[in-house]
Amino acid sequence: MGIVLKDILKSYNGRPVLKDLTLEVNTGEFHVLLGPSGSGKTTILSIIAGLVRQDKGDVLIGDRNVSGLPPEKRGIGFVFQDYALFPHLTVFDNMAYGLRVKKVEKNKISQRLGYYLGRVGIEREKDKFPHQLSGGQKQRVALIRALVTEPKVLLMDEPMSNLDALSKETIADELKSIQQETGMTTIYVTHNQDEAVLLGDRVSVLNHGAIEQIESPDELFYHPKTEFVARFVGAKNILKASVIEIKEHEAVVLVDHEGLNQPFKLQVKKYPIFEKGKGINLCIHPEKISLNRENEAGGNNVNRVMGKIIHKTNNGKAVKVTINTGGMELHAVIPKDIFDFEIHENVWVSFAADAPHPLCGKTCRAPYARRRCLNEMRNERL
Amino acid sequence: MKGVSFDLAMSLMAGVFVSLIMLPMIALFSATSVGELVNQFRSTAVLSAVVISLETSLIVVLLALCLGIPVAYLLAMKEFRGKEILDTLVDLPVSMPPLVAGLALLILLGQNSIVGSTLSNYGISLIFSKKGIIIAQLFVSIPFLIKSTRVAFESINKNVTSASLTLGASKFYTFKNVLLPLAKNGICAGMVMTWARALGEFGATSMVAGCIPFRTETMTVAIYQDVMSGELTSSIAIALLLTVFSFTLLLTFKSRFKRQILL
Ligand SMILES: Nc1ncnc2c1ncn2[C@@H]1O[C@H](COP(=O)(O)OP(=O)(O)O)[C@@H](O)[C@H]1O
Ligand SMILES: [Mg+2]
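The shown structure was predicted, so the numbers you read here are calculated from the model rather than taken from an experiment. (Residues numbered from 1 in each chain as written. Chains lettered and ligands numbered in written order. Predicted model: local features only at pLDDT ≥ 70, side-chain atom pairs only at ≥ 80, totals over all residues. Heavy atoms only, no water.)

Asker: Go over the site of ligand 1 with me, naming the residues and quoting the values.
Answerer: All names here are of chain A. In the vicinity of ligand 1, the contacting residues are Tyr 12, Arg 15, Val 17, Pro 36, Ser 37, Gly 38, Ser 39, Gly 40, Lys 41, Thr 42 and Thr 43. Here Arg 15 contributes a side-chain N or O atom positioned 3.1 Å from an oxygen atom of ligand 1. At a separation of 2.9 Å, an oxygen atom of ligand 1 approaches a polar backbone atom of Lys 41. A total of 560 Å² of accessible area belongs to ligand 1 in isolation, and the protein chains cover 62% of it. Broken down by secondary-structure element, the contributors of at least two residues to the shell around ligand 1 are strand 2 (15–25) and helix 1 (41–49). For the shell around ligand 1, the element with the most residues is helix 1, which contributes three residues. Taken together, the residues of the shell around ligand 1 sort by class into three nonpolar, six polar and two charged. (Near = heavy atom within 4 Å. Polar contact = N/O pair within 3.5 Å; in protein donor to acceptor, adjacent residues only side chain to side chain. Areas by Shrake-Rupley, 256 points an atom, 1.4 Å probe, with all protein chains shown as cover. Helix = DSSP H or I, 4+ residues; strand = E, 2+ residues; numbered from the N terminus. Nonpolar A, V, L, I, M, F, W, Y, C, P; charged D, E, K, R; others polar.)

Asker: Kindly report on the interface of chain B and chain A, identifying the contributing residues and their values.
Answerer: The partner chain A presents 20 residues to the 19 residues of chain B that form the contact. Taken over both partners, the interface formed by chain B and chain A buries close to 1,600 Å², and the fraction arising from carbon and sulfur atoms is 67%. Between chain B and chain A we count zero salt bridges in total. For the pair chain B and chain A, the interface holds four residue pairs in polar contact (both at pLDDT 80 or more). Secondary-structure elements contributing two or more residues to the side of chain B that touches chain A are helix 8 (158–166) and helix 9 (171–200) of chain B. A breakdown of the residues in the side of chain B that touches chain A according to their chemical character gives nine nonpolar, nine polar and one charged. (Contact = heavy atoms within 4.5 Å. Buried area = accessible area lost by both parts, 1.4 Å probe. Salt bridge = Lys/Arg side-chain N within 4 Å of Asp/Glu carboxyl O.)

Asker: Tell me about the sheet that holds strand 2 of chain A, and name the residues and values.
Answerer: Where strands meet in a sheet, backbone hydrogen bonds hold them as pairs that are either parallel or antiparallel. All names here are of chain A. Pairing in this open sheet of four strands is antiparallel, and the strands run 2-1-4-5 from one edge to the other. The open sheet terminates on both sides in strands that have one partner only, identified here as strand 2 and strand 5 (64–65). Pairing geometry for strand 1 (residues 3–12) and strand 4 (residues 56–61), over five bridges, is antiparallel. The residue bridging Lys 6 from the neighbouring strand is Asp 58, located in strand 4. Sheet strands touched by helix 1: strand 1, strand 2 and strand 4. Its angle to strand 1, the strand with the most contacts, is close to 115°. (Pairing = 2+ DSSP bridges. Axes fitted to C-alpha atoms, helices over the stretch in contact; angles between N-to-C directions.)

Asker: Now, about the packing of helix 7 (residues 130–154) of chain B against helix 9 of chain B: what can you tell me, with residues and values included?
Answerer: A pair of packed helices is captured by two measures, namely the crossing angle of their axes and the spacing between those axes. All names here are of chain B. Axis separation between helix 7 and helix 9 bottoms out at 7 Å; the angle between their running directions is 145°. Like other packed secondary-structure pairs, helix 7 and helix 9 cross with a definite hand, here right-handed. Residue composition of the contact of helix 7 with helix 9, by class: 14 nonpolar, seven polar and one charged. (Left-handed = near helix turned anticlockwise from the far one by under 90°.)

Asker: A description of the sheet that holds strand 20 (residues 357–358) of chain A should follow, citing residues and the corresponding values.
Answerer: If you trace the five strands from one edge of the open sheet to the other, you get 13-12-11-14-20 (chain A), paired in antiparallel fashion. Of all the strands in the sheet, the pair left with one neighbour each is strand 13 (264–269) and strand 20 of chain A.

Asker: Got a sec to walk through the pattern of salt bridges? Specific residues and values, please.
Answerer: Think of it this way: side chains of opposite charge can pair up when their charged atoms draw near. Enumeration according to the criterion identifies 20 salt bridges over all chains in this entry. For A:Arg100, the salt bridge is made with A:Asp93, and the minimal N-O distance between the two is 3.0 Å. A salt bridge links B:Glu55 to B:Lys130, with the shortest nitrogen-to-oxygen separation between them at 3.2 Å. In this pair, B:Glu55 is assigned in helix 3 (residues 44–77) and B:Lys130 in helix 7, connecting sequence segments 75 residues apart. A residue is classified by how much of its surface remains accessible, and B:Glu55, at 34% relative accessible area, is partly exposed. Here the residues in one salt-bridge network are A:Arg293, A:Asp340 and A:Glu345, joined through shared partners. (Buried < 20%, exposed > 50% of the residue type's maximum accessible area, 1.4 Å probe, protein only.)

Asker: Mind laying out the environment of A:Lys278, listing which residues take part and the relevant values?
Answerer: Residues and elements named next belong to chain A. Inspection of the secondary structure puts Lys 278 in the loop between strand 13 and strand 14 (279–284). Each C-alpha atom of the pair Lys 278 and Asp 20 lies 31 Å from the other, and the pair is 258 residues apart in sequence. What Lys 278 contacts, discounting residues up to four positions off in sequence, is Ala 241, Ser 242, Val 243 and Ile 273.

Asker: Can you break down the pairing of strand 4 of chain A residue by residue, with the values?
Answerer: Residue and element names in this part refer to chain A. Sheet topology places strand 4 next to strand 5; two bridges connect them, and they run antiparallel. Opposite Leu 60, over in strand 5, you have Asn 65 as the bridge partner. Linkage of strand 4 to strand 5, two consecutive antiparallel strands, is achieved through a turn of two residues, within which Gly 62 is found at a positive phi near 65°.

Asker: Talk me through the environment of B:Cys211; I want residue IDs and the actual numbers.
Answerer: Structurally, B:Cys211 can be placed in the loop between helix 10 (203–209) and helix 11 (219–228). Here the alpha-carbon distance between B:Cys211 and B:Phe139, two residues 72 residues apart in the chain, equals 19 Å.

Asker: Outline unusual backbone geometry, supporting the account with residue identities and numerical values.
Answerer: The phi angle at A:His344 is positive, at roughly 75°, despite the residue not being glycine. Within the element layout of this structure, A:His344 appears in the loop between strand 18 (328–335) and strand 19 (346–351). Classification of A:His344 by relative accessible area gives exposed; the value is 54%. With a phi angle near 70°, B:Phe214 is a residue other than glycine that sits in the positive phi range.

Asker: Break down the packing of aromatic side chains for me, citing the residues and quoting the values.
Answerer: Residue and element names in this part refer to chain B. If you walk through the whole model with that rule in mind, you get 13 aromatic pairs over all chains. Ring geometry for Phe 153 versus Phe 175: centroids 6.2 Å apart, planes at 45°, classification tilted. Here Phe 175 lies in helix 9 and Phe 153 lies in helix 7, a separation of 22 residues in the sequence. Seen from their ring centres, Trp 195 and Phe 245 are 6.3 Å apart, and the 55° between their planes marks the pair as tilted. Taken together, the positions of Trp 195 in helix 9 and Phe 245 in helix 12 (residues 232–262) put the pair 50 residues apart, joining distant regions of the chain. By relative accessible area, which is 18% here, Trp 195 ends up buried. (Phe/Tyr/Trp six-rings, centres within 6.5 Å; stacked < 30°, edge-to-face > 60°.)

Asker: How would you sum up the nonpolar core? Please name residues and give values.
Answerer: If you look at the biggest cluster of nonpolar residues, it comprises 49 residues, and the most contacted ones within it are A:Met95, A:Leu113, A:Leu154, A:Met156, A:Tyr188 and A:Leu220. Other than its neighbours up to four places away in sequence, A:Met156 contacts A:Phe30, A:Leu45, A:Val79, A:Leu143, A:Leu175, A:Thr186, A:Ile187, A:Tyr188 and A:Val189. The next biggest cluster of nonpolar side chains, apart from the first, holds 38 residues, and it includes A:Leu23, A:Phe78, A:Phe86 and B:Leu167. (Core = buried A, V, L, I, M, F, W, Y, C linked by side-chain atoms within 4.5 Å.)

Asker: Pulling in residues and values, what's your account of helix 7 of chain B?
Answerer: Residues and elements named next belong to chain B. Compared with an ideal rise of 1.5 Å per residue, which puts 25 residues at 36 Å, helix 7 spans 35 Å between its outermost C-alpha atoms and is within 8% of the ideal. Within helix 7, the axis deviates most sharply at Ser 141, by approximately 40°, and proline Pro 143 lies no more than four positions further along. Sitting at the head of helix 7, Ser 129 places a side-chain oxygen 3.3 Å from the backbone nitrogen of Lys 131. (Expected span 1.5 Å × (residues − 1). Bend = angle between axes of the 7 residues up to and from the residue.)

Here it is, written out as structure tokens:
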């Protein structure tokens, strides 16, 4: 069963938290709602679950308008950020809660729980109380507690934000395979872009109570369409430029970013929104930038600017570098094994013509604007 | 040096406090002999006061549960108009002198008021009866149960309640299977405090119920009456009994609390 939110408006104390939010999640989809803290993610889930009442708008689950129904009649599973296990009940009783509410027979309950307990490997914990469990174990109990009643819709609020990297990976695997087997429509809330890529069929990015972009994870990360999304997914290089020449497949733009000592030209792929003289924002993903020594040639890349390394941090597999190119800062992520530069060294910064892409500029919140953006993206791929 | 003398001054004050509490206790306990005590507890007047006190105060605890838990639930879980007023009403009996409360009840339930006369038309007389004692004790002691239960409800993670609802449980099922068990300790603490307050109640009770020996004379009222009529030994006996009661309550309460922290 799909989930539809129609023009949802919600204010707290006169301050709007969700602004005419519209969202459609398809049946069986694993949808990730990605946004910074305070952007309204929990509020959206609470409204779908009926725990919070919207000021305006409708919630549809399947074909049914559930706006007037209390939470217990909506038939959804909810996994809370803090797990919210019943502290006075054992692991087994926690997980059996929903089935007991439904007055399922005793032996059926143990049969069904036995399956899940074994599947996520917490049989030995079944008589413990929540305060005796590790974070990962609590997480599994919370998940199973929501799953055993076999809801058609599963809502998860930052379920992995309190876990270490290792438990995250295994739980993510379990989660994804369970979701695929059951075909539950799932909305998964997170502020972590890695989780979004790992799990999502589609990702929507939330900014101050409005959805900026809905897309598959790959599109979102390599082709963010608004400045907010670009910054949020770590595509930090946003260059202000204007189009000065349009050719058959390519265009020439002049980068005149503020702070830049001298504007410079770039050759970029042609996009439908380009018009001669028009100002645009170009986004370059840090992974698409290469660096070369001052005395070396710039590889095969058509675009080259000279810059100075002003900052570098090492995070395991890659090195994050900040380069000052004539007053403007560019960020690059270089695989560690090919990085051999020093800080303050002068380097050539280079990238291909298809590395930069324009940010549409508009937020893609209105359905029409979204379609327009999508079409542009589609044209570009053809 | 300065630090040491400061701590010394603090300790001196604490010493005064300890004397303030301990000396009267010692005086009370040394004012009588065991033989005399045994004698007193054989007297029907003393026994009847003990029975009346226990009977009324236990009924008060039960009534306080029935009325107090819903009020605490509303105050802790709901937003509604008039919540401030309800909240203030809970504080009122605590800040009001019990004598004043007793007087108010006396006027309300007396023959001259509409309520009192209506009730008496149906043959129900609340003043100068055990029912009157119960009402007076309930009035002054129910806030303790409400406050303690309210805090217990408020300290329950909201998401835990929500989790129960999303698992399909009705509000009543959630109340019975999640809220009550989780608030259990707070409710018990409230019951103990309410009981202690009801047992020790004097002002309102004596106003509403008077002091009819064998009928409305509770332990506290008996202590007062006996002192006034010069029968110091029997009042000391009852006073000792009350002190032992409250000590026991205090200790059971404390040990419960300790175990809870260990868990
Ligand atoms: N019960 C509430 N009362 C007042 N403001 C609230 C309440 N719940 C959430 N908010 C506000 O709404 C905004 C969105 O909150 P939330 O949905 O929890 O964001 P997120 O889950 O994305 O961090 C925040 O600014 C938060 O302060
Ligand atoms: Mg949140």
